[in-house]
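The primary structure of each chain is shown beneath.
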Amino acid sequence: MSRSDQSTPPKWPLKFLRFFVKEEYLEEIEGDLEEEFRDNLDRYSVRKASWLYTWEVLKLFRPRLIKNWNGRNRLNIYDMFKHTMLLAFRNFKRHKSSFLINLIGLSTGLACTILIYLWINDELKVDKFHAKDAQLFQVMQNLPLSDGIKTIEATPGLLAQTLAEEFPEVEEAVVAAHPMEKRGSNGIISVEDTYLKGNERYVSKNYFNAFSYHLVEGNKDQVLSDKYAVLLSDDLALKLFGSTENIIGKTIEWKRGRLSGVYTVSGVFEKPPSYSTTKFDLLFSYELFFGEYKRLHHWGNSDPATYVILKKGTDIAQFNEKIKDIRRSKYLSSGDGKYLGQIGTLFLQKYSERYLWNTYKDGKVAGGRVEYLRLFSIIAFFILLIACINFMNLSTAKASRRLKEIGVKKVIGASRTTLIRQYLGESISMAILSLSASLLLVSLLLPTFNEITGKQLSLHLDGQLILSIVTIGFFTGIVAGSYPALYLSGFKPATVLKGKINTSTGEVWARKGLVVFQFMVSIILIISVLVVYQQITFINAKNLGYNKDNIISFAKEGKLEEGLETFLSALKKMPGVVAASSFGHDLIGDHGGISGLEWEGKDSEERIRFGNLEVDFGLMEMFGFEMKAGRMFSREFGTEESTIIFNEAAIDAMGLEAPLGKTVKFWGKERQIIGIAKNFHFESLYEPVAPCFFQCYPNLDNILVKIKAGMEKESIERIRQFYQEYNQGLPFEYKFLDEDYQALYASERRVAVLSRYFAGMAILISCLGLFGLAAFTAERRLKEIGIRKILGSSVWGIIYLLSEDFTKMVIAAIAIALPLSYFLSKNWLNNFAYRIDLQWWFFAGAGLTALLIAWLTIGIQTFKVARVNPVQCLRDE
Amino acid sequence: MKKTKLGEFEELVLLTVIVLQEDAYGVMIKQELEKRLKQRLSVGSIQSALKRMEEKGFLTSQFGEATPKRGGKRKRIYSATGYAHKVLTEIKEVRAGLWASMPRLSNDLGTI
C-alpha cells in the first residue's frame, strides 16, 4: 500500500529507542519494530499504528536490553585522556602560528582579567575588617539647601549621647571628631627633645567597642576614661619612647591650638591597616574636645562624625524613620528654632559601604566609587570575550585542516561525545597554558599597575585567589572551546572524507559577526580613551579664574603662631619670593560654609549656602582674582573686620542690585560689601560655581608663598632655613598648590591611563584575530590566486580582492560603534559641570585608525600570499 | 536435571523457533505465537526471552536479509541448538510420563 511505503515510524520513540537499547541489538529490534509498524498501518490508522509503536518501545525498556553505561567508559578514560593530550600537543606543534596567536590572545585577555580581579578584590576589602561590621553604621545628615539636598558627615556634638540614651536598638553610639582648627595640618607631639607631627582624633570612650583597632597596650574599656589621656600608635610610640612597653603613665606635650597641653599616655594601638579609610596617629578623649568647643553643645551646629552599633536584627528602615527628625526636634526644644529651615534630617549608612558608595543624590545613596568597579569589570569581561571569540573564530575557520581526522575517527566509530570531549580537552589545555603565561604577564605588569592604581596588590597565592584564577581559566577554556567543539564534532563523515566542508551561510555570518563585534569593542575603547584624555587635559588647562602656579603652602606651626606678620614681612623681602600671605582654607573644596546669612530683601524661606573663604591681606592679589566691582582688602582701610567681598554667583543668588555699600548680617555681626569678585572655581569642576564670600582675618592657618618662576629650588631652600630658625627641630613640610589640584582628579587620571592600556590590549587582540583569519582565508584561496595571476592580475589587484571582504566587516563595526560611543561619552561627560564638546574628529579619527590597523594586518598576510608563484600552487591540478 | 532450566514462556518461544525454521525472526515468532495463544504479546517480552536463551546456549542466531519494510535493517534468524532439542525432549518425556500416570477419571473420554 502506498501509505505504508511513505510513512516512517514516529521520530521521538525511535530516538528514545536508539538512546537506551544495547548497540548490538539495535538493528534487529529497530527493524522488527518498523516491520510491525508497516504491518499495522495496513490494518489500523496511522495514529493507532504510531501509538502501538510507542507502546512497544516503552515495553522494550527492560534491564536486559538497556545499554551498559558504566562498565564500558570507565575502562577507556585514562587512555582517552592520554590520547587527547597527545593530539593537542601535536596540533600545537604542527600549526605553530595559530597556536601562538591563540596563546597571546588568551593570555593577554586572562592577564587583564586577573589584574582587574585583584584590584576589585582589594577595593572590596576596605573597611570590612571590623568585627562588628554588619552592625556598624554611620549617621549621615541631609541638609536642605535651596539648590538641593546636600549630604554631609557632620552631625551635632550631642547626637551620640542622645542616640545611646533614647534608643534601645543602639548598642553603642560612638562619636569621633576631627580637629577643629587648622584642618590639613598636623599637631606637634613632643617628649623632651623629640618633636614629631601627627594627626589625631577625639573619640568617645566606647570607640574600641565599635571599631576593631587592635590595642597593643592598655585595656580598651579604660583607656579613654581620663579626660587628659592620650593613645599613641605603635609607630609613634617607638619613635618617641623607643618602645611600646611600659610607657603607660608617661606624659607627652601636645601642641594644637586651644587643646595644647600635657597629656598622659594611657595606651598604644596598632597603626590602622591600609584597608582602613580612617587613619590617625593619636587618639584623645572626646570629652576633652567637647569641653573646649562650646559650639558643639548646640543642636544648631554640626561637626563630629557619629557612628552606631545596632542590635542584631534591627530593621534599618524603621530605625531611620525614628531618627530622621531627631535633630530638628532637639533643636526646637533647645532654642528659638529660628533657623529650623536649615536643620537637616538624619539617616544611617553602613560604615563599610561608605568607601564605595560615596555619592549622594537628593539625600540618598547614589553610587560613587563602585561605578569604577563596575566599569572595569565590564572592560575585563569584554577583553576576555574578544580573546575567546578569536579562539572560536580561528578554530572553526581552520576546521578544514582537521577534516580527514574527524572523518576517519567517526567512521571507525567515535561517538560525537568523544569528539566533543577531545576538542574541549584541547581548548582547556590551551586555556591552562595561557593561564600560566598570563600569570607570568601579571607578575611582570604588577609593579606598573600598582603605580597607576596607587595600591599594593600582589599575587599572593592564597586559597581563594588560586580557586578564582583556576575557575576563570577553566571557564575560558570551556566557553572558548564549546562552539568549535560542537562545530567540529558535527561533521558528517561522508561529506567530510570527500574533502568538502559545507560552510553554510549561517556559519559564515557567525564568523563575520564575531569579527565585527571585536572591532566594535575596540573602536569604542579607542574613542573612550580619546574623550577621557581630552576631558582631563581640559580640566588641567581650564582657566580657573585665578593663578595657582608657583605657590607653595605650609602650615603655621610652632613659634609662627605668634608673630606671623613679622615672619611674612621677612619672607616678602627674600629674593625669589613674589608674595606671602595666609589663608584659612584652600581652593579645592575645603572651605567653610554658612547658610544663616541675612541680606536686604532676603526671602525668609530662602536657604542658600555660601562658601566661606577667610583670607589674609594680600592673598587675593597673590591669586590674581579679578574684581568685577569694588576693591580688595587692604591695610589702608584698617582691620577690615566689618567688610566682606562676595563673588558674582553670590550676588546673583541674593538678587542684590547695586550691592556695593550694602550690609549683610551673619554670626551676629554686620558687614559691608566692599567688592564683587569675578567667578572662579574653588571646588572641583564637577560642580558649577557656588556662591561664596571672603572675609579678612590676619594670622590664618595656612601660609602661602608665591615664588618667582625659575627660582623655585633656591627660594624654597631659603624659606626652609628661615623656617627652621623659627621652629627648631620641626621638619619643614610644604606642598605646591597645583599638586593638590591634580590630586582632585586623581581617579579620572587613573581611568585615563588604564583605559589607554586596555584599549591597546583590545586592539592587539582584535588584530591578532584578524591576522589569523586573513592568513587562513588567503591560504584557502591559494589556487584561485594562482589562476588569477596567470590570467594577468597584479599583486595589488589580489590584495584588493582579498581585503574587500574584511574591509566591509570593519566598516560595519565602525557604523555600529560610533553611535554607541557617542551615547556613552555624552553620558560620562554629563557628570562634569564643565566639559568639552564632543568633536567630530574623535569619531572619524577612531574609525580611520581602526580601518588602517585592519588594512595593515590584512595587508601583511595577503601580501605574502599574493606574491606566491602560481606554478607552486597549481602543481596538483 | 533442574526443572528451572527453561521457563514456560521461553519453552513456547523455543518451540516456535523450531517450527518456523528459516523464518524464525522476531516479528514472525511474535505473530505465530500470538496466533496460537490467541493473546497479544509485546516485542519486548519476546526479545528478552530470545536473548536469555541465546545466553544460556539454547539458541544461535545470525543476520539474515534486509527488506525495505524494515527500513533497510537486517533480520536476525534464530535456530535451536542440539542442546535445546535435548532439553525439550526431556521436558516432553517428563510431561508425557505424568499424563500417563494420571488415574482414570469418570469424565475422561479416552485422552492419552
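Preceding this paragraph is the structure being described.
Residues numbered from 1 in each chain as written. Chains lettered and ligands numbered in written order. Predicted model: local features only at pLDDT ≥ 70, side-chain atom pairs only at ≥ 80, totals over all residues. Heavy atoms only, no water.

Draft legend 1. Highlighting the overall build of chain A. The number of helices and strands found in chain A is 28 helices and 27 strands. Looking at the 877 residues of chain A, the share that counts as buried comes to 50%. Considering only residue pairs separated by 6 or more positions, chain A has 78% of its internal contacts joining residues 24 or more positions apart. (Helix = DSSP H or I, 4+ residues; strand = E, 2+ residues; numbered from the N terminus. Buried < 20%, exposed > 50% of the residue type's maximum accessible area, 1.4 Å probe, protein only. Contact = heavy atoms within 4.5 Å.)

Draft legend 2. Structural view of the environment of Gly601 of chain A. Its location among the elements puts Gly601 of chain A in the loop between strand 19 (598-599) and strand 20 (610-615). Each C-alpha atom, one on Gly601 of chain A and one on Gly655 of chain A, is 8.4 Å from the other, the two residues being 54 residues apart in sequence.

Draft legend 3. Main features of the nonpolar core. Residues and elements named next belong to chain A. Counting 47 residues, the largest nonpolar core has Trp119, Phe376, Met430, Leu446, Phe449 and Phe758 as its most contacted members. When contributions to this core are tallied by element, the ones reaching two or more residues are helix 6 (96-125), helix 13 (370-397), helix 15 (416-453), helix 16 (463-489), helix 18 (505-541) and helix 24 (746-780). Once you skip the residues sitting within four places of it in the chain, Trp119 turns out to touch Tyr372, Leu373, Phe376, Phe449, Thr453, Lys455 and Leu457. Judged by nonpolar contacts, the second largest core, of 46 residues, contains Leu159, Leu240, Leu282 and Leu346. (Core = buried A, V, L, I, M, F, W, Y, C linked by side-chain atoms within 4.5 Å.)

Draft legend 4. Molecular detail of helix 3 (residues 43-56) of chain B. Its 14 residues give helix 3 of chain B an end-to-end C-alpha distance of 20 Å, which sits within 8% of 20 Å, the value for a rise of 1.5 Å per residue. Counted residue by residue, helix 3 of chain B has ten buried out of 14 residues, so it is predominantly covered. Of the residues making up helix 3 of chain B, those classed as buried are Val43, Gly44, Ser45, Ile46, Gln47, Ser48, Ala49, Leu50, Lys51 and Met53 of chain B. In this fold, the buried residues of helix 3 of chain B make contact with helix 3 (23-43) and helix 4 (46-59) of chain A together with helix 1 (8-20), helix 2 (26-37), strand 1 (59-66) and strand 2 (74-80) of chain B. Positioned one or two residues after helix 3 of chain B, Gly57 of chain B has a phi angle of 100°, which is positive. (Expected span 1.5 Å × (residues − 1).)

Draft legend 5. Representation of the environment of Ala690 of chain A. All names here are of chain A. In this fold, Ala690 is placed in the loop between strand 24 (669-677) and strand 25 (692-696). In the structure, Ala690 is positioned 37 residues away from Ala653 in sequence and 9.2 Å away in space, judged by C-alpha atoms. When residues no more than four places from it in sequence are discounted, the contact partners of Ala690 are Asn647, Ala649, Phe682 and Glu683.

Draft legend 6. Quick peek at the interface of chain A and chain B. Residue-level contacts link 20 residues of chain A with 25 residues of chain B. Taken as a group, Glu27, Glu28 and Arg64 of chain A account for 29% of the area that chain A buries against chain B, more than any other trio of residues on that side. Taken together, chain A and chain B are joined by eleven salt bridges. For Lys73 of chain B, the salt bridge is made with Glu30 of chain A, and the minimal N-O distance between the two is 3.2 Å. In this structure, the connection of chain A to chain B is made through 20 residue pairs in polar contact (both at pLDDT 80 or more). Residues of the side of chain A that touches chain B, tallied by class, amount to six nonpolar, one polar and 13 charged. (Buried area = accessible area lost by both parts, 1.4 Å probe. Salt bridge = Lys/Arg side-chain N within 4 Å of Asp/Glu carboxyl O. Polar contact = N/O pair within 3.5 Å; in protein donor to acceptor, adjacent residues only side chain to side chain. Nonpolar A, V, L, I, M, F, W, Y, C, P; charged D, E, K, R; others polar.)

Draft legend 7. Structural detail: unusual backbone geometry. Even without a glycine there, the phi angle at Asn550 of chain A is positive, about 55°. For Asn550 of chain A, the location among the structural elements is in the loop between helix 18 and strand 16 (551-555). Backbone geometry places Lys38 of chain B, a non-glycine residue, at a positive phi of 55°. Take Lys38 of chain B: it is sitting in the loop between helix 2 and helix 3. Lys38 of chain B sits in the exposed class, given a relative accessible area of 73%.

Draft legend 8. Structural context of the pattern of salt bridges. Residues and elements named next belong to chain B. Applying the stated criterion across every chain, the model contains 34 salt bridges over all chains. Between Lys56 and Glu10 there is a salt bridge, and its shortest N-O distance comes to 3.7 Å. Here Lys56, found in helix 3, pairs with Glu10, found in helix 1; they are 46 residues apart in sequence, far enough to count as distant.

Draft legend 9. Main features of helix 14 (residues 403-412) of chain A. Residue and element names in this part refer to chain A. Turning to helix 14, its buried residues are Leu403, Ile406, Gly407, Lys409 and Lys410. Around the axis of helix 14, the buried residues are gathered within 165° of arc, so they sit on the same side. Projecting away from the buried face of helix 14 at angles above 90 degrees are the exposed residues Lys404, Val411 and Ile412. Following helix 14 by one or two positions, Gly413 adopts a phi angle in the positive range, close to 130°. (Arc of directions from axis to C-beta.)

Draft legend 10. Focus on empty space enclosed by the protein. Residue and element names in this part refer to chain A. Following the criterion strictly, the structure yields 13 cavities of 30 Å³ or more and no others. By volume, the largest cavity amounts to about 330 Å³. Taken together, 21 residues line the largest cavity, and the ones lying closest to its centre are Asn91, Asn102, Ser395, Arg402 and Glu426. Breaking the lining of the largest cavity down by element, the ones donating at least two residues are helix 5 (69-94), helix 6, helix 13, helix 15 and helix 16. Class assignment of the residues belonging to the lining of the largest cavity gives a composition of ten nonpolar, seven polar and four charged. Each pocket or cavity is described by its volume, and for the second largest cavity that value is around 120 Å³. Taken together, Trp119, Glu123, Arg369, Tyr372, Phe376, Thr453, Ser747, Arg750, Val751 and Leu754 make up the full set of residues lining the second largest cavity. (1 Å grid on protein atoms, 1.4 Å probe; cavity = no way out; pocket = protein on both sides within 12 Å on 5 of 7 lines; lining within 4 Å. Points joined across faces, edges and corners; volume = space filled by probe spheres on them.)

Draft legend 11. Layout of the pairing of strand 26 (residues 702-707) of chain A. Residue and element names in this part refer to chain A. The buried count for strand 26 comes to six of six residues, which makes it a mostly enclosed element. Residues Asn702, Leu704 and Lys706 point to one face of strand 26 and Ile703, Val705 and Ile707 to the other, with burial holding for every one of them. Summarising the sheet, strand 17 (residues 577-583) and strand 26 pair through six bridges and their orientation is antiparallel. Bridging from a neighbouring strand, Val577 pairs with Ile707 of strand 26. (Pairing = 2+ DSSP bridges.)

Draft legend 12. Geometry of the side chain of Glu30 of chain A. Structurally, Glu30 of chain A is set in helix 3. Side chain to side chain, Glu30 of chain A and Lys73 of chain B meet in a polar contact 3.2 Å long. With sequence-adjacent residues up to four places away left out, Glu30 of chain A is seen in contact with Leu14, Leu17 and Arg18 of chain A together with Lys73 of chain B.

Draft legend 13. Examining the packing of aromatic side chains more closely. Inspection of every chain in the model, using the stated rule, returns 45 aromatic pairs over all chains. Plain terms: the ring middles of Tyr263 of chain A and Phe284 of chain A are 4.9 Å apart, the flat faces sit at 70° to each other, and that makes the pair edge-to-face. Taken together, the positions of Tyr263 of chain A in strand 10 (residues 261-269) and Phe284 of chain A in strand 11 (residues 282-285) put the pair 21 residues apart, joining distant regions of the chain. Through a chain of ring-to-ring contacts, three or more aromatic side chains come together here, namely Phe129, Tyr207, Phe208, Phe211, Tyr213, Phe269, Phe280, Tyr307 and Tyr351 of chain A. The aromatic ring of Tyr25 of chain A is capped on one face by Lys51 of chain B, whose charged end is 4.6 Å from the ring centroid. Over the ring of Phe63 of chain B we find Arg76 of chain B; its NZ or CZ atom is 4.5 Å from the centre of that ring. (Phe/Tyr/Trp six-rings, centres within 6.5 Å; stacked < 30°, edge-to-face > 60°. Lys NZ or Arg CZ within 6 Å of the ring centre and 35° of its normal.)

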